[in-house]
There are 2 protein chains.
Amino acid sequence: MSTRRATISDVAREAGVSASTASVVFSGKTPTSEATRARVIAAAASLGYTGPDPRAASLRRGRSGIVGVVFDQHLGTAFLDPVTTHMMDGLADGVSRLGAALLLLRDDGVTVSEPSLHTAPIDAAVLIGCSPRMRDSLEIVRGRGIPVVVVEGDAGEGIPRVLLDNAEAQREAALHVAALGHRDVVIVTLPTDTARRRGWIADDAEVRVDVTADRLAGARAVFPDAPALAAATSSIDEGAIAGRTIFADPDRRPTAVIAQSDLLAAGVIRAAEEAGLRVPHDVSVTGFDGVVVDGLAPHVLTTLVQPATAKGRAAGEAVAAMLEDAEPSGLALSCTFREGTTTAPPPTR
Amino acid sequence: MSTRRATISDVAREAGVSASTASVVFSGKTPTSEATRARVIAAAASLGYTGPDPRAASLRRGRSGIVGVVFDQHLGTAFLDPVTTHMMDGLADGVSRLGAALLLLRDDGVTVSEPSLHTAPIDAAVLIGCSPRMRDSLEIVRGRGIPVVVVEGDAGEGIPRVLLDNAEAQREAALHVAALGHRDVVIVTLPTDTARRRGWIADDAEVRVDVTADRLAGARAVFPDAPALAAATSSIDEGAIAGRTIFADPDRRPTAVIAQSDLLAAGVIRAAEEAGLRVPHDVSVTGFDGVVVDGLAPHVLTTLVQPATAKGRAAGEAVAAMLEDAEPSGLALSCTFREGTTTAPPPTR
DNA sequence: TTGTACGCGTTATCAT
DNA sequence: ATGATAACGCGTACAA
């Protein structure tokens, strides 16, 4: 049939109007008479024209309607964390208000494939995480003059970022535990650095990951001497490994464990039950994130509910604001303490 | 400073060459002398030019380098399933070979936000799942003349789709269970329709979801009379609910449960242990998918390992082929049986 | 190796 | 309400 796809001027010719009129019929930017409108639609249908070519439209408008989301790891890995997936959900929401979709981009530093950060037709970018690599990504994007927002990362000077009140929130949970009467408390932390080493955190060790450091500081504000055990990642199995270490010696068992994520907390609970301890009767456990942990039922975790979806939405809206030359706002978000069934007063000895 | 961004002709003027020469320097399509190359690079640097405008380039080339991934549900929900996230990982891989990135698109039928399937600057599309809605999405994309591949769904006439040997694989697992000596077997299935109703599947009930139907057929090929219990979704908690139903009556307990997903299997195992049964000594359990189930340790599930990442990669490569006017191939994938620690001969009575 | 010329398909502006 | 015109920024034959 046709050797090439119909364009808007083909349609216009067929309908006996000018190209600009046909364009207006599709965009609806200017009122048109019902008659011409119908003629154009009919002409389009007869030619198999399905609407303006997005590439040409975006060149003309100077906007692609696409927001890039930049990860520094495999997508499979990133999406393993429910917090990330919820955040993506919120982000999708936040940018859709702006009429945009999300382009998944991975910055693994060595990739030569296109479109990369250099060449992707994006109107704005959202950077997830805070690895050193991200600094490079940031440079590239800024070099292109593209608005950027950072989530869960320290971007440096003047880059808007979505922040959580990690320290304050964790402190609140710790206060709850203290109020119940606990004194022997152990903290299970998220990874402390990119090496992701497991083990007890020495007093003089520096914690390089912001989230981990902030939550640790919040807990230590209440329990200055509580030992802290780092997990290699945020997962149930890692939590269980930490838990087994903690509950190994029956004589030195804490009465409460403050975990820095719900997944870790779930693992700690599992380890406790393996060790014959009942939660919360024998040991209390708190989490962080407020995600649904599949398989944790019937327990309801005492935790800090992080507004993961809102975090994404905030990033999306910040990006939207920047595209309209407005100052992004609403970037500081708060966690909410939720008391579940995994905390109780310590057992009486 | 500058009221508008520099273009390639600005750079060319600054470097004292023509625009096309400057273009060639950036694209590398034609050899250039080292001298002009250096001049152009320098000029670009001094003007803050960071490369061709992707919008203009894609208009010119007729390609955007973007592949759309269409979901029929919230991203947060879709990404809850590890099979989906792994598939995304593979897909990202598969299309990157082609030099493309992934655009997340959701077709919820009512959305008016742009860019939608109608207006997104995509070179090709991958449809995930098989809900009725997807048919509409398919129409839209085909109408635009865009190559499309369907994953895990029935697309109808002539649409390439990535297929798994669900029935054959499930049959293999069932044979394994039968060979161990089991005769009393119950099947726990994935949802049977979009209503996602829980409960025993009547003999004359029609199963509308391909995956569920195929795996069920595979199991029934070995155990024609095995009762089948449908779960509302693929999760540990749903598996546990099904398990509790199955193990409720001590006198009518099966000696083996064939679950249609690893998450369901994990839940069944949990329910079995709640009921005081040991796995695999008292009851054997098989799964399907071969994903890492967080929190299942120390069990290793006997399951069918689905090549989830390969599935995504296959879809990506199929799309790549179609863009080069080649026939997509390699769309039929096989699962691999993996014997774990959750199956054993039935207890002797 | 470099330059000329043109068109990719659309839409904003302005005049009618 | 409609039309003429002019970019948007680039890539690629083709000629030189």
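A short tour of the structure in this document, coming up. Keep in mind it's a predicted model, so treat the numbers as computed, not measured. (Residues numbered from 1 in each chain as written. Chains lettered and ligands numbered in written order. Predicted model: local features only at pLDDT ≥ 70, side-chain atom pairs only at ≥ 80, totals over all residues. Heavy atoms only, no water.)

## Notes on the overall build of chain A
Phase 1 of the analysis: The helix and strand inventory of chain A stands at 12 helices and 13 strands.
Phase 2 of the analysis: At 26 Å, chain A has a C-alpha radius of gyration far larger than the 20 Å of a compact globule built from 349 residues.
Phase 3 of the analysis: Along the first, second and third principal axes, the C-alpha atoms of chain A reach 90 × 40 × 40 Å.
Phase 4 of the analysis: Burial status across chain A gives 52% buried among its 349 residues.
Phase 5 of the analysis: For chain A, long-range pairs separated by at least 24 residues make up 71% of all intrachain contacts whose partners lie at least 6 apart in sequence.
Phase 6 of the analysis: Computing the positive centroid from 34 side-chain charges and the negative centroid from 43, chain A places the two 6 Å apart. (Helix = DSSP H or I, 4+ residues; strand = E, 2+ residues; numbered from the N terminus. Rg over C-alpha atoms; globule rule 2.2 N^0.38 Å. Buried < 20%, exposed > 50% of the residue type's maximum accessible area, 1.4 Å probe, protein only. Contact = heavy atoms within 4.5 Å. Lys, Arg positive; Asp, Glu negative; His and termini not counted. Charge placed at Lys NZ, Arg CZ, Asp CG, Glu CD.)

## Brief notes about the protein's contact with DNA strand D
Phase 1 of the analysis: Every one of the 22 residues lining DNA strand D counts as a neighbour, but Thr21(A), Thr36(A), Ile8(B), Tyr49(B) and Arg60(B) are closest to it.
Phase 2 of the analysis: Contacts to DNA strand D include Ser33(A), whose backbone N or O atom sits 2.9 Å from a phosphate oxygen.
Phase 3 of the analysis: Contacts to DNA strand D include Arg60(B), whose side-chain N or O atom sits 2.6 Å from a base nitrogen.
Phase 4 of the analysis: Listing elements by their share of the surface near DNA strand D, those giving two or more residues are helix 2 (19-27) and helix 4 (54-61) of chain A together with helix 2 (19-27) and helix 4 (54-61) of chain B.
Phase 5 of the analysis: The element contributing the most residues to the surface near DNA strand D is helix 4 of chain B, with four residues.
Phase 6 of the analysis: Along the lines of polarity and charge, the residues of the surface near DNA strand D split into eight nonpolar, 10 polar and four charged. (Near = heavy atom within 4 Å. Polar contact = N/O pair within 3.5 Å; in protein donor to acceptor, adjacent residues only side chain to side chain. Nonpolar A, V, L, I, M, F, W, Y, C, P; charged D, E, K, R; others polar.)

## Section: the interface of chain B and chain A
Phase 1 of the analysis: Tallying the contact residues gives 48 residues for chain B and 48 residues for chain A.
Phase 2 of the analysis: Roughly 4,000 Å² of surface becomes buried between chain B and chain A when both sides are summed, with 57% attributable to carbon and sulfur atoms.
Phase 3 of the analysis: Counting across the interface, chain B meets chain A through two salt bridges.
Phase 4 of the analysis: Ionic pairing is found between Asp123(B) and Arg55(A), a salt bridge with its closest N-O pair at 3.6 Å.
Phase 5 of the analysis: Linking chain B to chain A there are four residue pairs in polar contact (both at pLDDT 80 or more).
Phase 6 of the analysis: Going through the elements one at a time, helix 4, helix 5 (75-78), helix 6 (82-96), strand 2 (101-106) and helix 10 (236-247) of chain B are the ones with two or more residues in the side of chain B that touches chain A.
Phase 7 of the analysis: Split into classes, the residues belonging to the side of chain B that touches chain A amount to 22 nonpolar, 16 polar and 10 charged.
Phase 8 of the analysis: As judged from the three bridges shared by strand 2 (residues 101-106) of chain A and strand 2 of chain B, these two strands associate in the antiparallel manner. Note on strand 2 of chain B: the bridge partner recorded for Leu103(A) is Leu103(B). (Buried area = accessible area lost by both parts, 1.4 Å probe. Salt bridge = Lys/Arg side-chain N within 4 Å of Asp/Glu carboxyl O. Pairing = 2+ DSSP bridges.)

## Considerations on the sheet that holds strand 10 (residues 284-286) of chain A
Residue and element names in this part refer to chain A.
Phase 1 of the analysis: Spatial strand order, 7-8-6-9-10: five strands in an open sheet with mixed pairing. Every other strand in the sheet has two partners, leaving strand 7 (199-200) and strand 10 as the edge strands with one partner each.
Phase 2 of the analysis: Note: strand 9 (residues 256-259) against strand 10, three bridges, orientation parallel. For Val257, the partnering residue across the bridge sits in strand 10 and is Val285.
Phase 3 of the analysis: Packed onto the sheet, helix 8 (residues 166-179) meets strand 6 (185-189), strand 9 and strand 10 and runs at close to 170° relative to strand 9.
Phase 4 of the analysis: Running over the sheet, helix 9 (residues 210-220) touches strand 6 and strand 8 (228-230) and is turned about 170° from strand 6. (Axes fitted to C-alpha atoms, helices over the stretch in contact; angles between N-to-C directions.)

## Notes on the environment of Asp81(B)
Residue and element names in this part refer to chain B.
Phase 1 of the analysis: Assignment of secondary structure puts Asp81 in the loop between helix 5 and helix 6.
Phase 2 of the analysis: Given a relative accessible area of 26%, Asp81 falls into the partly exposed group.
Phase 3 of the analysis: Here the alpha-carbon distance between Asp81 and Ala240, two residues 159 residues apart in the chain, equals 17 Å.

## Focus: the relation of the copies chain B and chain A
Phase 1 of the analysis: Between chain B and chain A, which share one sequence, the superposing operator has a rotation angle of 180° and an axial displacement of 0.1 Å; the RMSD is 0.2 Å. A rotation of that kind, with that shift, is consistent with a two-fold axis. Ranked by how close their C-alpha atoms come to the rotation axis, the residues of chain B are headed by Leu103(B), at 2.1 Å.
Phase 2 of the analysis: Looking at chain B, 100% of its interface residues are interface residues in chain A too, so the copies touch through the same face. (Least-squares fit on C-alpha atoms with pLDDT ≥ 70 in both.)

## Digging into the packing of aromatic side chains
All names here are of chain B.
Phase 1 of the analysis: Under the criterion given, the structure shown has five aromatic pairs over all chains.
Phase 2 of the analysis: A centroid spacing of 5.2 Å and a plane angle of 65° characterise the contact between Phe26 and Tyr49, whose relative ring orientation is edge-to-face. Of the two residues, Phe26 is situated in helix 2 and Tyr49 in the loop between helix 3 (34-47) and helix 4; the sequence distance between them amounts to 23 residues.
Phase 3 of the analysis: Residue classification places Phe26 among the partly exposed positions, given a relative accessible area of 29%.
Phase 4 of the analysis: Classification of Tyr49 as buried rests on a relative accessible area of 10%.
Phase 5 of the analysis: Between the aromatic rings of Phe71 and Phe79, the centroid separation amounts to 5.5 Å while the plane-to-plane angle is 85°, which identifies the pairing as edge-to-face.
Phase 6 of the analysis: The buried category is assigned to Phe79, whose relative accessible area is 2%. (Phe/Tyr/Trp six-rings, centres within 6.5 Å; stacked < 30°, edge-to-face > 60°.)

## Quick look at the nonpolar core
Phase 1 of the analysis: Of all hydrophobic cores here, the largest spans 67 residues; its most connected members are Phe71(A), Met88(A), Leu102(A), Phe71(B), Met88(B) and Leu102(B).
Phase 2 of the analysis: A per-element tally of this core places helix 12 (residues 308-323) of chain A first, with six residues.
Phase 3 of the analysis: Ignoring anything within four residues of it in the chain, the contact list for Phe71(A) reads Ala78(A), Phe79(A), Thr84(A), Met88(A), Leu104(A), Leu105(A), Arg106(A), Asp107(A), Ile128(A) and Met134(A). (Core = buried A, V, L, I, M, F, W, Y, C linked by side-chain atoms within 4.5 Å.)

## Describing helix 8 (residues 166-179) of chain B
All names here are of chain B.
Phase 1 of the analysis: An ideal rise of 1.5 Å per residue puts 20 Å on 14 residues; helix 8 measures up with 20 Å between its terminal C-alpha atoms.
Phase 2 of the analysis: Looking only at helix 8, the buried set comprises Asn166, Ala169, Gln170, Ala173, Ala174, His176, Val177 and Ala178.
Phase 3 of the analysis: Looking one or two places after helix 8, you find Gly181, whose phi comes out positive at around 110°. (Expected span 1.5 Å × (residues − 1).)

## Looking at the protein's contact with DNA strand C
Phase 1 of the analysis: Looking at DNA strand C, there are 22 residues lining it, with Ile8(A), Tyr49(A), Arg60(A), Ser20(B) and Thr36(B) nearest.
Phase 2 of the analysis: One of the side-chain nitrogen or oxygen atoms of Ser20(B) is found 3.2 Å away from a base oxygen of DNA strand C.
Phase 3 of the analysis: A distance of 2.8 Å separates a phosphate oxygen of DNA strand C from a polar side-chain atom of Thr21(B).
Phase 4 of the analysis: Elements with a contribution of two residues or more to the surface near DNA strand C: helix 2 and helix 4 of chain A together with helix 2 and helix 4 of chain B.
Phase 5 of the analysis: Broken down by element, the surface near DNA strand C gets its largest block of residues, four residues, from helix 4 of chain A.
Phase 6 of the analysis: Among the residues forming the surface near DNA strand C, the class breakdown is eight nonpolar, 10 polar and four charged.

## Here we look at empty space enclosed by the protein
All names here are of chain B.
Phase 1 of the analysis: Within this structure, the stated rule accounts for two cavities of 30 Å³ or more.
Phase 2 of the analysis: Approximately 40 Å³ is the volume attributed to the second largest cavity.
Phase 3 of the analysis: Ranked by the residues each element gives to the lining of the second largest cavity, the list is headed by helix 4, at three residues.
Phase 4 of the analysis: Across the lining of the second largest cavity, the residue classes tally to three nonpolar, four polar and one charged. (1 Å grid on protein atoms, 1.4 Å probe; cavity = no way out; pocket = protein on both sides within 12 Å on 5 of 7 lines; lining within 4 Å. Points joined across faces, edges and corners; volume = space filled by probe spheres on them.)

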